[in-house]
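# Survey of secondary and tertiary structure
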Amino acid sequence: MKFAVIVFPGSNCDRDMYFAVKDQLGAEADLVWYKEANLANYDGILLPGGFSYGDYLRSGAIASTSDVITQIREAAEAGKPVLGVCNGFQILLEMGLLPGAMLPNEKLKFMCHFETLTVENADTMFTRQYEKKEKIQIPIAHGDGNYFCDEETLQKLQNNKQIVFTYDQNPNGSVGNIAGITNEKGNVLGMMPHPERAVEALLGHDDGLRLFESILTHWREHHAINA
């Protein structure tokens, strides 16, 4: 399986994502500059955290209008896994692949620490290596991580089991304690916590590695015998 880690101006977690996939997971990965992207030969798309375009206008708003977005949308429509973390999640919201919007943190402060998450849906291509209701430790690092949607959208997310991760101690005011959601098809995941920063015990926790292992296992079962 081969991953594309999309790099925008202002991305700063792309190397973390690359390390997690290539060195810890043992999969193929490339850092792909957004202007030179040709995603046709990649099996998974990773949108890393950071401050794309300096977060001007809104976090992720300008990146969501770049040319590579058309290819990301096509990859999602083709059923390929698309993971957006932190700023990557914000981009997925801005481009409309996921519902809702991101607001500044409730306390208007940048937050950077480990959070306890609950796995609400362990039956996705991103979470199959977890148990439902399992508690995991994943770090956050954001100033605009307050997920918002209206009541109708929240009800739809709940009914479709699109809420994948929730915060135990909601740090930013997110509706429904939401930390991560998928699209209805289940192949696009956006989450504010950083699983790529929790892939080895040396970094404090390795709970994030199983998210990437889940993607790889799913892909191998559906696309290859010995990959």
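By the naming in an unreviewed UniProt entry, the chain is Phosphoribosylformylglycinamidine synthase subunit PurQ, taken from Halobacillus trueperi. Of the chain, the UniProt comment under Subunit (unreviewed entry) reads exactly: "Part of the FGAM synthase complex composed of 1 PurL, 1 PurQ and 2 PurS subunits."

Attention now goes to the pairing of strand β10 (residues 178-182). In terms of burial, β10 is a largely internal element, five of the five residues being buried. Relative to β10, strand β9 (residues 163-167) runs antiparallel, the two sharing three bridges. Residue I163 lies in a different strand from β10, and its bridge partner there is I181. Both β10 and strand β11 (residues 188-191) contribute to a ladder of three bridges, which runs antiparallel. Residue G180 lies in a different strand from β11, and its bridge partner there is M191. The turn linking β10 back onto β11 is made up of five residues, and G186 within it adopts a positive phi angle of 90°.

Here we take up the sheet that holds β9. Strand order in this open sheet of nine strands is β2-β1-β3-β4-β11-β10-β9-β6-β7, and the pairing throughout is mixed. Only two strands of the sheet have a single partner each, and these edge strands are β2 (28-33) and β7 (135-142). This sheet shows a mean twist of 20° between the axes of neighbouring strands, independent of strand direction. The sheet strands contacting helix α2 (residues 68-77) are β1 (2-7), β3 (44-47), β4 (82-85) and β11, and the helix crosses β3 at an angle near 130°.

Another point: helix α3 (residues 87-94). Across the eight residues of α3, seven count as buried, placing the element largely inside the fold. Of the positions making up α3, those classed as buried are N87, G88, F89, Q90, I91, L92 and L93. Of the residues trailing α3, G96 is marked for its positive phi of about 85°.

The backbone of Y53 sits at a positive phi, close to 55°, despite the residue not being glycine. Tracing the backbone through its elements, the reader meets Y53 in the loop between β3 and α2. Of note in this structure, K161 is not a glycine but carries a positive phi near 55°. For K161, the position within the fold is in the loop between α4 (151-159) and β9.

The rules behind each value
Throughout, a residue's number is its position along its own chain's written sequence, starting from 1. Since the coordinates come from a predicted model, pLDDT governs what is reported: local features require at least 70, and pairs of side-chain atoms require 80 or more to be given and counted, while whole-chain, interface and lining totals use all residues. The side-chain numbers reported here are obtained from all heavy atoms of the structure, hydrogens and water having been left aside. UniProt positions are given in the numbering used here, feature names are shortened, and annotations may be inferred rather than shown by experiment. Burial classes follow relative accessibility: with a 1.4 Å probe on protein chains only, a residue under 20% of its type's maximum area counts as buried, one over 50% as exposed, and anything between as partly exposed. Helix numbers and strand numbers start at the N terminus; a helix is a DSSP run of H or I with at least 4 residues, a strand a run of E with at least 2. Pairs of strands are assigned from DSSP output, requiring at least two bridges between the strands. A fitted line through C-alpha atoms represents every axis, and for helices the fit uses only the stretch in contact; the resulting angles, taken between N-to-C directions, go from 0 to 180 degrees. Whether two residues touch is decided by their heavy atoms; if any such pair falls within 4.5 Å, the residues are in contact.

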